Amino acid sequence: MWVLALSGIHQLNAQSLDKKLPEGLKFYISRDSASYVKATVLGQFWARYNSNNPGSTVFGTPERDSYDFGIRRFRLSLMSQVTDRFFFYTQVGLNNINTIAGRKQGLFMHDVTAEVNVYRKYLEIGIGLNGWNGTSRYSSSSVGTILGMDLPAIEETTNDVMDQFGRKLGIYTKGKIGKVDYRFSLSKPFPVQTALSKVDELPLTEINRAYSSTRAPKVNTAGYVFYQFFEEESNQLPYMTGTYLGAKKILNLGAGFQFEKDAFWYHNAVLDTIQAPLRQFGIDIFYDSYLSKEKGNAITAYAAYLNYFFGPNYIRNAGAMNPANGINSSGSFNGAGNNAPLIGTGNVFYTQFGYKFRNNLLGSWGTLQPYAAASVALYQKLNDPVNIFSVGINWLLLKHSSKLSLDYQSRPVFLQDGSGNIVESKSARRGQLVLQYQISI
């Protein structure tokens, strides 16, 4: 007997959502409700001002500042608990659609996985295009429950270089043993030649600076394990929640890794080509708890230490939904638009903190959640640390289902001095102000 667990939303308030849409778009396919099919939809829409990096251009036109609108993400997912042993998950979507991204972009596959429960909650094995990544909590982020306006991209080190937006083809295993939650994966990365955005190639004469290898990729191994001191989190999907908005009391301590042989290469002093592995390790702690169950006020805190190795002096610039696509002769090391030296060989410290006010602070208009996040990256290639911080506030109209976020991010600008050193231009920091609306069902 089919049961449709869906009711119309007639009023925009959290109480009506909880009563009328308790489980999303969910169809039960067994009499005992153990088997089901469930669909989810997410959209994130940006209105943005960006102070562009020096020398930025849009199709050759100099642009000191950018004002734009865009679709940061759209997701449509379908999952099914086919039987008590078999689970299927697929997700399609698009990312970073703004006026310079190109017209009529299509949806692409994010996830397609099939999974079997081998032994209770202790061991599950899956296969397919998946995001069961290692290294740290936010190497696999739940984009619909992010604390800040955007996810911690500094923890997604191979995004669209050797994977498909953080996903790889392979097998994985996961489970819970007591308070310990674990995940391990074995995958075959995508060749960098198939990336949609061109990946920088190894120059003929540059020495002691690593680039992504264009040789056939080797097997990638990754894992992440965390201990849950209080309540347990779901591990049905790989994507880790950013904030529970006071619904749970969580304290997790985790550690993870990722390794791939010969993923990078560089020239030594005599221009021999030397192979280098991808090797990274992380430890982190996540705390999310209500302060009062009755009021619903809560705090969220996260901190991580990450050690990255991609070969000597590796560095990669990146910026979310870049509003510019070129630089002129006055350009900086950052490159165009909102790029910054985001990923490199070295050490990274990342932290975020948020406070959610009591439920219904604004009556039927929901409540507020201010937050702040910061990363400090010490990369071999750069003489100065990369300090990026953001502050903002979430207006939780309907929890995560209807959310308005205002975010300001400050990033450094790096230049090459007369000695060839890459240093921060102390007077040239740039900022970005974004208003985002999120709908998630």
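Residues numbered from 1 in each chain as written. Predicted model: local features only at pLDDT ≥ 70, side-chain atom pairs only at ≥ 80, totals over all residues. Heavy atoms only, no water.

Within the protein, the regular secondary structure consists of one helix and 26 strands. The C-alpha radius of gyration computed for the protein amounts to 22 Å, which stays within 12% of the reference 22 Å derived for 441 residues, consistent with globular compactness. Principal-axis analysis of the C-alpha atoms places the extent of the protein at approximately 70 × 45 × 45 Å. Burial status across the protein gives 52% buried among its 441 residues. Working note: accessible area of the protein is about 20100 Å², and carbon and sulfur atoms make up 61% of it. (Helix = DSSP H or I, 4+ residues; strand = E, 2+ residues; numbered from the N terminus. Rg over C-alpha atoms; globule rule 2.2 N^0.38 Å. Buried < 20%, exposed > 50% of the residue type's maximum accessible area, 1.4 Å probe, protein only. Areas by Shrake-Rupley, 256 points an atom, 1.4 Å probe, with all protein chains shown as cover.)

A few words now on a nonpolar patch on the surface. A cluster of nonpolar side chains, Phe389, Val391, Ile393, Leu406, Tyr408, Leu433 and Leu435, forms an exposed patch at the surface whose accessible area comes to about 550 Å². Residue assignment for the nonpolar patch shows that the elements contributing at least two residues are strand S22 (386-400), strand S23 (402-411) and strand S26 (430-440). Per-element tally for the nonpolar patch: the top contributor is S22, with three residues. The topology assignment puts Leu406 in strand S23. Exposure remark for Leu406: the relative accessible area of 40% places this residue in the partly exposed category. (Patch = residues over 30% accessible without salt bridge, like charges linked within 9 Å, V, L, I, M, F, W, Y side chains within 5 Å. Salt bridge = Lys/Arg side-chain N within 4 Å of Asp/Glu carboxyl O.)

Another point: the nonpolar core. Membership of the largest hydrophobic core comes to 33 residues, with the highest contact counts inside it found for Ile154, Phe264, Phe310, Val348, Tyr379, Leu382 and Val386. If we ignore the near neighbours within four places in the chain, the residues touching Phe264 are Met162, Ala210, Tyr211, Ser212, Ser213, Ile274, Gln275, Ala276, Pro277, Leu278, Phe310 and Tyr314. (Core = buried A, V, L, I, M, F, W, Y, C linked by side-chain atoms within 4.5 Å. Contact = heavy atoms within 4.5 Å.)

Tracing the chain through its elements places Ser56 in strand S4 (residues 56-58). Judged by its relative accessible area of 3%, Ser56 falls in the buried class. A distance of 2.8 Å separates a polar side-chain atom of Ser56 from the backbone nitrogen of Gly337. Setting aside residues up to four positions removed in sequence, Ser56 forms contacts with Thr61, Pro62, Glu63, Ala324, Gly326, Ile327, Gly335, Ala336 and Gly337. (Polar contact = N/O pair within 3.5 Å; in protein donor to acceptor, adjacent residues only side chain to side chain.)

We now examine the pairing of S22. Sheet faces and side chains relate simply in a regular strand, where the side chains alternate between the two faces. Strand direction decides the pairing type here: strand S21 (residues 367-379) and S22, joined by eleven bridges, are antiparallel. Across the sheet, residue Thr367 finds its bridge partner in S22, namely Leu396. The antiparallel hairpin formed by S21 and S22 contains six residues in its connecting segment. In this structure, S22 lies alongside S23, joined through nine bridges in antiparallel fashion. Each bridged residue has a counterpart across the sheet, and for Phe389 the counterpart in S23 is Ser410. Two successive antiparallel strands, S22 and S23, enclose a turn made up of one residue. (Pairing = 2+ DSSP bridges.)

For the rest of this paragraph, the subject is the side chain of Lys174. Topologically, Lys174 is positioned in strand S10 (residues 168-177). Here Lys174 falls in the buried class, since its relative accessible area comes to 1%. Every residue in contact with Lys174, bar those within four places of it in the chain, is listed here: Glu115, Tyr122, Leu123, Glu124, Trp132, Tyr182, Arg183, Asn235 and Gln236.

Another aspect to go through is the environment of Ala320. Considering the arrangement of structural elements, one finds Ala320 in the loop between strand S17 (315-318) and strand S18 (326-327). Residue classification places Ala320 among the partly exposed residues on the basis of a relative accessible area of 22%. Look past the residues within four positions of Ala320 in its chain and what remains in contact with it is Trp46, Arg48, Arg72, Asp150 and Asn338.

In this fold, Gly354 is placed in strand S20 (residues 346-356). Sequence spacing of Gly354 and Thr241 is 113 residues, and the spatial spacing of their C-alpha atoms is 14 Å. Those residues in contact with Gly354 that sit more than four places away from it in its chain are Leu147, Ala298, Ile299, Thr300, Pro370 and Tyr371.

In this section: the sheet that holds S4. Strand order in the open sheet formed by three strands is S5-S4-S18, and the pairing between neighbours is antiparallel. Unpaired on one side and paired on the other, strand S5 (61-62) and S18 mark the two borders of the sheet. Pairing analysis gives two bridges linking S4 to S18, with the strands arranged antiparallel. Note on S18: the bridge partner recorded for Ser56 is Ile327.

Next up on the list: the packing of aromatic side chains. Describing an aromatic ring pair means giving the distance of the ring centres and the angle of the ring planes. Counted under the stated rule, the structure contains 16 aromatic pairs. Each ring, one from Tyr302 and one from Tyr350, has its centre 6.2 Å from the other, and the planes form 55 degrees; the classification is tilted. Of this pair, Tyr302 sits in strand S16 (residues 298-309) while Tyr350 sits in strand S20; the two residues are 48 residues apart in sequence, bridging distant segments of the chain. Tyr302 sits in the buried class, given a relative accessible area of 2%. Given a relative accessible area of 9%, Tyr350 falls into the buried group. Ring centres of Tyr305 and Phe349 lie 5.4 Å apart, and the angle between their planes is 45 degrees; on these two criteria the pair is classed as tilted. Highlighted residues: Tyr305 in strand S16 and Phe349 in strand S20, separated in sequence by 44 residues. Taken together, the ring pairs in this structure connect Phe264, Tyr308, Phe310 and Tyr314 into an aromatic cluster. The cationic tip of Arg137 hangs over the ring face of Phe286; the distance from NZ or CZ to the ring centre is 3.7 Å. Lys248 extends its terminal NZ or CZ atom over the ring of Tyr244, reaching a point 5.9 Å from the ring centre. (Phe/Tyr/Trp six-rings, centres within 6.5 Å; stacked < 30°, edge-to-face > 60°. Lys NZ or Arg CZ within 6 Å of the ring centre and 35° of its normal.)

This brings us to the pattern of salt bridges. Pairing is possible between side chains that carry opposite charge, provided their charged atoms lie close to one another. If you walk through the whole model with that rule in mind, you get 15 salt bridges. Notably, a salt bridge pairs Arg137 with Glu233, separated by 2.7 Å at the nearest N-O pair. Of this pair, Arg137 sits in the loop between strand S9 (123-130) and S10 while Glu233 sits in the loop between strand S13 (220-228) and strand S14 (250-267); the two residues are 96 residues apart in sequence, bridging distant segments of the chain. For Glu233, a relative accessible area of 4% gives the class buried. In the salt-bridge network here, residues are joined through shared partners; they are Arg72, Arg73 and Asp150.

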